[in-house]
Amino acid sequence: MVTPRISYAHLLTEPNPKHVESLLKFFESGCSKRGTGGFGVEIEHLPVHNADDTAVSYYEPNGIETFLKRIAPYFDESKEYWENGHLVGLGRGKISVSLEPGGQVETSIGILHEPQELNTLYGEFRSQADPIIEELGFRLVHYGYQPKSSFADIPVNPKDRYDAMTDYLGRVGEFGPCMMRCSASTQVSIDYVDEADSIAKMRVGTAIGPILAWFFRNSPYFEGKLNTYPLLRQRMWDFLDFQRTNVIPGLFDPRFGWEDYARDVLCTPLMFADLTHTPEAVATGATGKELHRAAFRENAGEVYPDRELNAYEINHIISTHFNDVRLKNFIELRHWDSLPVERAERLTEIISSLFYVPANRIRLESYFDGLREEDVLEAKANLQAHGREATPYGQPLDFWREFLGLEGLLDDIPGDPKHPEVFQG
């Protein structure tokens, strides 16, 4: 009799053992000393025209490409990222600027050791960015979805990855092009001490993420109309491509470990193959388009050589997965709409309290002991179906507000100061 695998994902595929070992070493490299408590925060912004609130595209005159070139002198020239002759990323110190598919401007900030550091570093970026974007005739809005424009109105920026994703996600699931071109998020990353610590944090983060998403919801619009989904971001991602989104398969099985996560990631079709840092492929003289290609059916073992993977290859493979909680060499919590920095800082304070204060962490792990994947899926569906009257995990939202310490949420700060009266209902 053959012992069944923990996860029932990708039953007819087997990863390359050398690739599995590569990911295990990568996860091990992320282990932090106990008590470090580092954070990373990503805030995505929706660029909209001052004149009519429609989306600003990458290519238009005075658009996102122009903005990046104008702000580039404030960043490290050696950390500029170009693709197909276009500037698509910047970096310096603890902050980097990159683009999501529809020209959304993402700021990644960290590693932070106090949530309050976020406002300082982000403030420096905005003090440099705001005069430029004002001159260009647009602004950066904090909503989970574009206020006026449809996905059909917005071209993707010049990354080959996004062309492949458009082709693939436009054929599967329900909201691929909407998510890619019109959505924006806030993500918080935390560290871990060892494998057991990381799995415990991933389970707790997966369990409470939808509840925190309700209290930090910030998507008043969807496709040019008022949004009727209680949690639009969750609704888009959960129905996007189930093999790479939602709850990690097997996460709540007591036997789940890094190897199970590695197998899941490595067995999923890549969607897009990036071979620009694969020496064997580069040595063939392949063109840039051949090194960046669609991989709708192929998984990592069918794309990358029979050897240990390098760090660039590992990061790319993991980046093709979009679970609610994602493991890299840190833990990325991905549930939230784009938030004004004051609210993002408050969210980070809450995450710090829940994951880094031992008493709170013990209380959460005890409460969710024995939780199943099905319980999380039910809680998410309950929030979508009942909104304010929801009872995720059998408890009303007032219970969760108190249990998770959700006070002072700054939910009176608008996502767009030009429209201070607009909030998600």
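Look up a bit, the structure's there.
All values reported here derive from a predicted model rather than from experimental measurement.

1. Some details on the overall build of the protein
Stage number 1. Counting secondary structure elements, the protein contains 16 helices and 15 strands.
Stage number 2. At 21 Å, the protein has a C-alpha radius of gyration in line with the 22 Å of a compact globule built from 425 residues.
Stage number 3. Seen through its C-alpha atoms, the protein measures out along the principal axes to roughly 70 × 60 × 40 Å.
Stage number 4. In the protein, which comprises 425 residues, the share counted as buried stands at 60%.
Stage number 5. Looking at the protein as shown, the accessible area adds up to about 17400 Å², and 54% of this sits on carbon and sulfur atoms.

2. Comments concerning unusual backbone geometry
Stage number 1. In this structure, Ile111 follows Gly110 across a cis peptide bond, with omega equal to 10°.
Stage number 2. As for its placement among the helices and strands, Ile111 is situated in strand 5 (residues 105-112).
Stage number 3. Even without being a glycine, Asp53 presents a positive backbone phi close to 70°.
Stage number 4. Here Asp53 lies in the loop between strand 1 (39-49) and helix 2 (64-71).

3. What about the environment of Glu65?
Stage number 1. With respect to the helices, strands and loops of the structure, Glu65 is situated in helix 2.
Stage number 2. Once the C-alpha coordinates of Glu65 and Tyr304 are considered, the two residues, 239 residues apart in sequence, prove to be 32 Å apart.
Stage number 3. With residues up to four places along the chain from it excluded, the contact list for Glu65 reads Tyr58, His86 and Leu87.

4. Brief notes about the packing of aromatic side chains
Stage number 1. Taken as a whole and judged by the stated rule, the model has 25 aromatic pairs.
Stage number 2. When the centroid spacing of 5.9 Å and the interplanar angle of 0° are considered together, the rings of Phe368 and Trp400 count as stacked. Of this pair, Phe368 sits in the loop between helix 14 (358-367) and helix 15 (373-386) while Trp400 sits in helix 16 (residues 397-403), and the two are 32 residues apart along the sequence.
Stage number 3. Given a relative accessible area of 9%, Phe368 falls into the buried group.
Stage number 4. The exposure class assigned to Trp400 is buried, which follows from its relative accessible area of 0%.
Stage number 5. Through a chain of ring-to-ring contacts, three or more aromatic side chains come together here, namely Tyr367, Phe368, Tyr393, Phe399, Trp400 and Phe403.
Stage number 6. Directly above the aromatic system of Trp214 lies the positively charged group of Arg217, at a separation of 3.7 Å from the ring centroid.
Stage number 7. It is Arg334 that lies over the ring of Trp237; its NZ or CZ is 5.2 Å from the centre.

5. Notes on the pairing of strand 6 (residues 138-141)
Stage number 1. Across the two faces of strand 6 the burial is the same, with Phe138 and Leu140 and Arg139 and Val141 all buried.
Stage number 2. Relative to strand 6, strand 1 is paired through four bridges, and the arrangement is antiparallel. Paired with Pro47 across the strands is Leu140, a residue of strand 6.

6. A look at a nonpolar patch on the surface
Stage number 1. Taken together, the side chains of Tyr8, Leu11 and Leu12 define a hydrophobic patch exposed on the protein surface, amounting to about 440 Å² of accessible area.
Stage number 2. As for its position among the elements, Leu12 is in the segment before helix 1 (17-29).

7. Quick look at the pattern of salt bridges
Stage number 1. Going through the model one piece at a time under the given rule, you end up with 29 salt bridges.
Stage number 2. Note that Lys69 is salt-bridged to Glu65, the shortest N-O span being 3.7 Å. Placement of the pair is Lys69 and Glu65 together in helix 2, with a separation of four residues, close to one helical turn.
Stage number 3. Taking relative accessible area as the criterion, Glu65 reaches 13% and is therefore assigned buried.
Stage number 4. Between Glu332 and Arg334 there is a salt bridge whose closest N-O contact spans 3.5 Å.
Stage number 5. Linked by salt bridges that have partners in common, Asp191, Asp197, Lys201, Arg361 and Glu365 make up one network.

8. Considerations on the pairing of strand 4 (residues 95-99)
Stage number 1. The buried count for strand 4 comes to four of five residues, which makes it a mostly enclosed element.
Stage number 2. Where strand 3 (residues 86-92) lies against strand 4, four bridges are found, and the strand directions are antiparallel. Residue Gly89 lies in a different strand from strand 4, and its bridge partner there is Ser98.
Stage number 3. Following strand 3, the chain reverses through two residues before pairing antiparallel with strand 4; Gly93 in that reversal takes a positive phi of roughly 40°.
Stage number 4. In this sheet, strand 5 lies alongside strand 4 in antiparallel orientation, the contact comprising five bridges. The residue of strand 5 that forms the bridge with Ile95 is Ile109.
Stage number 5. Between strand 4 and strand 5, which pair antiparallel one after the other, the connecting turn spans five residues, and Gly103 there sits at a positive phi close to 90°.

9. Things to note about the nonpolar core
Stage number 1. Membership of the largest hydrophobic core comes to 99 residues, with the highest contact counts inside it found for Phe27, Phe67, Phe125 and Leu404.
Stage number 2. The greatest single-element share of this core, amounting to ten residues, is contributed by helix 6 (residues 195-215).
Stage number 3. Beyond its immediate chain neighbours, meaning those up to four positions away, Phe67 contacts Val105, Phe125, Ala129, Ile132, Ile133, Leu136 and Phe138.
Stage number 4. Formed by 20 residues, the second largest nonpolar core is a distinct cluster that contains Tyr145, Tyr168, Phe175 and Met180.

Here is what the cut-offs are and how they apply
- Residues numbered from 1 in each chain as written.
- Predicted model: local features only at pLDDT ≥ 70, side-chain atom pairs only at ≥ 80, totals over all residues.
- Heavy atoms only, no water.
- Helix = DSSP H or I, 4+ residues; strand = E, 2+ residues; numbered from the N terminus.
- Rg over C-alpha atoms; globule rule 2.2 N^0.38 Å.
- Buried < 20%, exposed > 50% of the residue type's maximum accessible area, 1.4 Å probe, protein only.
- Areas by Shrake-Rupley, 256 points an atom, 1.4 Å probe, with all protein chains shown as cover.
- Contact = heavy atoms within 4.5 Å.
- Phe/Tyr/Trp six-rings, centres within 6.5 Å; stacked < 30°, edge-to-face > 60°.
- Lys NZ or Arg CZ within 6 Å of the ring centre and 35° of its normal.
- Pairing = 2+ DSSP bridges.
- Patch = residues over 30% accessible without salt bridge, like charges linked within 9 Å, V, L, I, M, F, W, Y side chains within 5 Å.
- Salt bridge = Lys/Arg side-chain N within 4 Å of Asp/Glu carboxyl O.
- Core = buried A, V, L, I, M, F, W, Y, C linked by side-chain atoms within 4.5 Å.

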